[in-house]
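# Overview (structure and organization)
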Amino acid sequence: MLEDQPIDCFIGNNINRVEDDKLLNVYDRSKGVITPANCFYEDNEGVLWAGTSLGLLRIKNGIITSYSMLQGLNNPSITAICQDQSGKLWIGTKGGGIN
């Protein structure tokens, strides 16, 4: 679960958002999310990142971009996402190390 700026809360599975105490299905299979999210991260530019067992999703302005081993991930199963002080994104993978 991730609380982004200013007050949305994102929850795994189909990437749902809690708003005004209601659960809204924001991103699901129809929008390109084909597996539950393992982790979330909001970067310093407000981009939402979701790690899944099939790769990394970048969500900005309602547009989802997928990243997998084809784009250089060591392993498609994403377990952690963080950003360093220089703005570089670090991706932890299951059994594949850090990208």
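What comes next is a walk through the structure. Values in this document were obtained by computation on a predicted structure and should not be read as measured data.

### Re the packing of aromatic side chains
All chains considered together, the criterion is met by 1 aromatic pair. Measuring from ring centre to ring centre gives 6.1 Å for Trp 49 and Tyr 67, while their planes differ by 35 degrees; the resulting arrangement is tilted. Separated by 18 residues along the polypeptide, Trp 49 in strand β6 (residues 48–52) and Tyr 67 in strand β8 (residues 63–67) bring together distant segments of the chain. With a relative accessible area of 10%, Trp 49 lands in the buried category.

### Digging into the sheet that holds strand β11 (residues 97–98)
Taken in spatial order, the 3 strands line up as β9-β10-β11 in an open sheet, and their pairing is antiparallel. Looking at the sheet topology across the chains shown, the edges are occupied by β9 (78–83) and β11. Looking at chain direction, β9 and strand β10 (residues 89–93) are connected through 5 bridges and run antiparallel. Opposite Gln 83, over in β10, you have Leu 89 as the bridge partner.

### Side note on the pairing of β6
The element β6 is extensively covered by neighbouring structure, given that 5 of its 5 residues are classed as buried. The alternating pattern of β6 places Leu 48, Ala 50 and Thr 52 and Trp 49 and Gly 51 on opposite faces, both of which are buried. In the sheet, strand β5 (residues 37–42) pairs with β6 via 5 bridges, with the strands oriented antiparallel. If you follow Cys 39 over to β6, its bridge partner there is Gly 51. Counting the residues that bridge the hairpin from β5 to β6 gives 5 residues, and of these Gly 46 lies at a positive phi of roughly 85 degrees. Here 5 bridges tie β6 to strand β7 (residues 55–60), and the two strands are oriented antiparallel to one another.

### With respect to the nonpolar core
With 8 residues, the main nonpolar core is built from Cys 39, Val 47, Trp 49, Leu 56, Leu 73, Ile 78, Ile 81 and Ile 91. When neighbours within four sequence positions are excluded, Ile 78 is seen to be in contact with Asn 38, Cys 39, Gly 51, Thr 52, Gly 55, Leu 56, Leu 73, Ile 91, Gly 92 and Thr 93. Grouped together as the second largest cluster of nonpolar side chains are 6 residues, Ala 37, Phe 40, Ala 50 and Ile 59 included.

### Comments concerning the sheet that holds β5
What the 4 strands build is an open sheet, ordered β5-β6-β7-β8; its pairing is antiparallel. Both edges of this open sheet fall to β5 and β8, since each of them pairs with a single strand only. On average, each strand axis in the sheet is tilted by 20 degrees relative to the strand beside it, whichever way the strands run. Looking at chain direction, β7 and β8 are connected through 5 bridges and run antiparallel.

Procedures and definitions
Residues numbered from 1 in each chain as written. Predicted model: local features only at pLDDT ≥ 70, side-chain atom pairs only at ≥ 80, totals over all residues. Heavy atoms only, no water. Phe/Tyr/Trp six-rings, centres within 6.5 Å; stacked < 30°, edge-to-face > 60°. Helix = DSSP H or I, 4+ residues; strand = E, 2+ residues; numbered from the N terminus. Buried < 20%, exposed > 50% of the residue type's maximum accessible area, 1.4 Å probe, protein only. Pairing = 2+ DSSP bridges. Core = buried A, V, L, I, M, F, W, Y, C linked by side-chain atoms within 4.5 Å. Contact = heavy atoms within 4.5 Å. Axes fitted to C-alpha atoms, helices over the stretch in contact; angles between N-to-C directions.

Scope: geometric values only; no functional claims are made or implied.
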